[in-house]
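# Structural description and commentary
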Amino acid sequence: MSKKLYIKTWGCQMNVYDSQKMADVLSTLGYEQTPEPEGADLMILNTCHIREKATEKVFSDLGRLRDHKEAKEEKGEKALIAVAGCVAQAEGDVILSRAKYVDMVFGPQTYHLLPEMILNAAGGARVVNTDFPVESKFDHLPVEAQAQGPSAMLSVQEGCDKFCTFCVVPYTRGAEFSRPVQQVLDEAQRMVDGGAKEITLLGQNVNAYHGDGPNGETWDLARLIGKLADMNGLQRIRYMTSHPKDMNDNLIAAHGEVAKLMPFLHLPLQSGSDRVLELMNRKHKASDYLDIIARVKKARPDIALSSDFIVGFPGETDEDHKQTIDIVQQVGFAACYSFKYSPRPGTPGAAMGGIVPESVKDARLHELQALLFAQQHEYNRRSVGKTMPVLFDRRGEKTGQLQGKSPWMQSVYVNAPERLFGEILDVTVEKAFQNGMYGTIVTIPDSNPSEKREAA
Ligand code: 5AD
Ligand code: SF4
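Per-chain numbering applies: the sequence of each chain, read as written, is numbered from 1 onward. Naming scheme: in the order in which they are written, chains are lettered from A and ligands are numbered from 1. Reporting in this predicted model follows two pLDDT cut-offs: at least 70 for local features of residues, and 80 or more for side-chain atom pairs to be given and counted; totals over whole chains, interfaces and linings ignore these cut-offs and use all residues. As a rule here, side-chain values come from all non-hydrogen atoms in the structure, and water together with hydrogens is ignored.

Our focus in this paragraph is the pattern of salt bridges. Definition used for salt bridges: Asp or Glu carboxyl oxygen within 4 Å of a side-chain nitrogen of Lys or Arg. On inspection of all chains with the given rule, the structure shows 32 salt bridges. Put simply, D61 and R64 hold a salt bridge, and the shortest N to O gap is 2.8 Å. Placement of the pair is D61 and R64 together in helix α2 (residues 54-74), with a separation of three residues, close to one helical turn. Given a relative accessible area of 48%, R64 falls into the partly exposed group. Ionic pairing is found between D249 and R295, a salt bridge with its closest N-O pair at 2.9 Å. Note that D249 is positioned in helix α8 (residues 249-257) and R295 in helix α10 (residues 286-299), a separation of 46 residues in sequence. One salt-bridge network, in which partners are shared between bridges, spans E198, R236, R238, D393 and K405. By definition, any uninterrupted DSSP run of H or I lasting at least four residues is a helix, any uninterrupted run of E lasting at least two residues is a strand, and each is numbered from the N terminus. Burial here depends on accessible area, computed with a 1.4 Å probe over protein chains only, as a share of the maximum for the residue type. Under 20% is buried, over 50% is exposed, and the range in between is partly exposed.

Summary: where empty space remains is shown by rolling a probe the size of a single water molecule over the atoms. Both cavities and pockets are sets of points on a 1 Å grid over the protein atoms alone; in a cavity a 1.4 Å probe fits but cannot get out, in a pocket the set is open with protein on both sides within 12 Å along at least five of seven lines, and lining residues sit with an atom within 4 Å of a point. Grid points are joined across faces, edges and corners, and a volume is the space filled by probe spheres set on the points. Throughout the structure, instances matching the rule amount to one cavity of 30 Å³ or more. By volume, the largest cavity is sized at about 30 Å³. Taken together, D18, M22, N46, A84, G85, F106, G107, P108 and Y111 make up the full set of residues lining the largest cavity. Residues belonging to the lining of the largest cavity are distributed by class as follows: five nonpolar, three polar and one charged. Lys, Arg, Asp and Glu make up the charged group, whereas Ala, Val, Leu, Ile, Met, Phe, Trp, Tyr, Cys and Pro make up the nonpolar group; the residues left over, Gly among them, are polar.

With that settled, consider the site of ligand 1. Proximity is defined per residue: if any heavy atom of the residue lies within 4 Å of a molecule or strand, that residue is considered near it. All residues in the neighbourhood of ligand 1 are listed as I50, R51, F166, Q270, D308, I310, F339, K340, Y341, S342 and R344. In the environment of ligand 1, an oxygen atom lies 2.6 Å from a nitrogen or oxygen atom belonging to the side chain of D308. The separation between a nitrogen atom of ligand 1 and a polar main-chain atom of S342 is 2.7 Å. Of all elements in the fold, only β15 (304-311) and β16 (335-340) reach the threshold of two or more residues within the shell around ligand 1. A breakdown of the residues in the shell around ligand 1 according to their chemical character gives five nonpolar, two polar and four charged. Any N or O atom pair separated by 3.5 Å or less is treated as a polar contact, with the protein-specific requirement of one donor-capable and one acceptor-capable atom, and with residues adjacent in sequence counted only for side-chain atom pairs.

As a matter of local geometry, ligand 2 sits amid C160, K162, F163, C164, F166, C167, V169, P170, H243 and R282. Taken together, the residues of the shell around ligand 2 sort by class into seven nonpolar, one polar and two charged.

Glancing now at the packing of helix α11 (residues 318-331) against helix α12 (residues 358-381). Each axis is a line fitted through C-alpha atoms, and for a helix only the stretch in contact is used; angles between axes span 0 to 180 degrees, taken between their N-to-C directions. At a minimum axis distance of 10 Å, the contact between α11 and α12 shows a crossing angle of 5°. On the basis of the axis angle, α11 is roughly parallel to α12. Here α11 contributes D318, H321, T324, I325, V328 and Q329 to the contact with α12, which in turn contributes R364, E367, L368, L371, L372 and Q375. For the contact of α11 with α12, the per-class residue count stands at five nonpolar, four polar and three charged. Roughly parallel here means an angle under 35 degrees, roughly antiparallel means over 145, roughly perpendicular means 65 to 115, and every remaining angle is called oblique. Whether two residues are in contact is decided by their heavy atoms: any pair within 4.5 Å suffices.

Now for the sheet that holds strand β13 (residues 236-240). Whether two strands pair comes down to DSSP finding at least two bridges between them. The three strands lie next to each other as β7-β10-β13, forming an open sheet whose pairing is parallel. Edge positions in the sheet fall to β7 (151-155) and β13, since each of these pairs with one other strand and no more. Averaged over all adjacent pairs, the angle separating strand axes in this sheet is 25°, with direction ignored. For β7 and strand β10 (residues 198-202), the ladder comprises five bridges, and the chain directions are parallel. Bridge pairing in β10 links A152 to I199.

The subject of this paragraph is the domain arrangement of the chain. For the domains described, the bounds stem from an automatic or database domain assignment. If you check the domain split of the chain, you get domain 1 (3-129), domain 2 (151-381) and domain 3 (387-455). A straight line from the C-alpha centre of domain 1 to that of domain 2 covers 29 Å. Taken together, the 16 residues of domain 1 in the interface contact 20 residues of domain 2. Across the domain 1/domain 2 interface, buried area totals approximately 1600 Å², and carbon plus sulfur atoms make up 57% of it. In this assembly, domain 1 and domain 2 are joined by two salt bridges. Across the pair K21 and E187 runs a salt bridge whose closest N-O atoms are separated by 3.1 Å. Here domain 1 and domain 2 share nine residue pairs in polar contact (both at pLDDT 80 or more) between them. Once two parts are brought into contact, the accessible area they lose, counted with a 1.4 Å probe and summed over both, makes up the buried area.

Following this line, the structure appears as structure tokens:
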């Protein structure tokens with residue numbers, strides 16, 4: 001009989017990818033995923049530590065999982081609770097001592113060891129594994145249990161050596177690591193065989209990619225993208241998240257040369273002030289960022305730009321904040337994420353003086369977001385009346401609706417039959433919102449005539 005697996009995922013796309021991989025590993029042990037924790041034999045919280053209150057959120061969810069575990073135990077059955085991901089990596093000991101009912105705590109680099117960990121936990125041991133094993137988890141993964149769909153995520157790089165002073169990633173994900181080229185190509189081929197038309201290459205610092213090529217040479221991200229572009233059936237390639245320092249000439253050129261590479265670049269800037277960038281250890285100046293953007297635009301004039309910003313980093317003055325506002329005005333973003341600084345235990349930023357009061361952070365975030373949201377709305381408004389190819393990768397909230405992505409990463413909603421899910425079709429945009437656009441498919445294709453014949 002199959003066992004039930006519940007996984008809740010927080011955080012970035014890499015965590016979503018990891019959860020999928022955990023489900024793949026566990027499917028080899030007979031676990032099938034269920035959307036609710038009720039009755040599950042194994043419950044995993046795959047956690048994120050990047051911003052505030054992560055640990056508290058985990059504890060409040062753990063309380064709920066405990067009820068499910070106890071309900072199962074009352075029936076004489078066993079259930080295991082696991083905390084995975086970056087909170088587990090950073091605060092494993094705290095979790096085990098505060099929540100006695102947690103059976104397993106393991107970090108993001110160890111999920112290939114799940115079968116062994118489960119065996120130990122089922123035998124009554126409390127399992128902790130927050131190592132950075134020498135062997136790569138990617139070398140020990142089963143072939144995917146199920147396809148991801150028309151838009152797939154592929155992790156090619158993990159960890160980070162940049163040590164920005166606000167960021168936990170170098171501590172929770174470990175040193176920078178790139179998967180070998182052939183391994184990436186094989187997984188991409190399986191994704192395409194499973195129906196993927198778009199692949200997003202993922203990594204905390206994905207443009208630092210330097211994977212071992214088949215002939216012993218090192219490939220950069222541009223070369224990997226170039227090779228993927230030769231893959232029949234694959235129509236769109238994206239990558240995220242990048243660091244300005246690693247935006248090399250090859251990658252910039254690829255934006256002009258590789259038609260399948262979508263015209264969208266997520267390139268975090270974090271602050272417009274050189275003083276703050278230095279305190280953040282970002283290793284570049286605001287003018288370097290502007291220079292990169294100018295070169296990318298030269299290669300691909302219609303590129304849509306996106307970024308991350310942090311307001312209220314220790315020592316940030318009103319003048320520093322104004323420089324962030326100024327650069328946002330100067331660049332003009334199609335989309336953006338912006339956050340209030342939240343000190344992460346163990347990072348250099350957490351020990352810095354010049355703490356910015358919460359009320360000041362709130363005001364700065366409010367001002368920045370008002371500007372970024374207006375830019376996003378304006379960017380979408382400029383698409384009204386235009387026709388563009390949209391990949392329908394999500395079902396809409398109501399039946400008869402589909403949701404998709406434009407080449408520039410805008411969300412596009414249409415009324416369309418379910419059978420068009422997974423297709424790339426031309427859509428004329430009619431309305432723009434801050435968060436997306438509404439449009440009409442130019443020509444709705446007939447349902448496949450060969451299917452009709454088979455059905456007849
Ligand atoms: N506080 C606020 N935002 C943070 N980010 C990373 N660490 C922190 C932190 N301590 C933001 C950065 C990064 C994005 C993924 O999350 O902007 O680019
Ligand atoms: Fe974190 Fe990105 Fe800086 Fe690496 S480059 S430390 S992942 S913010």
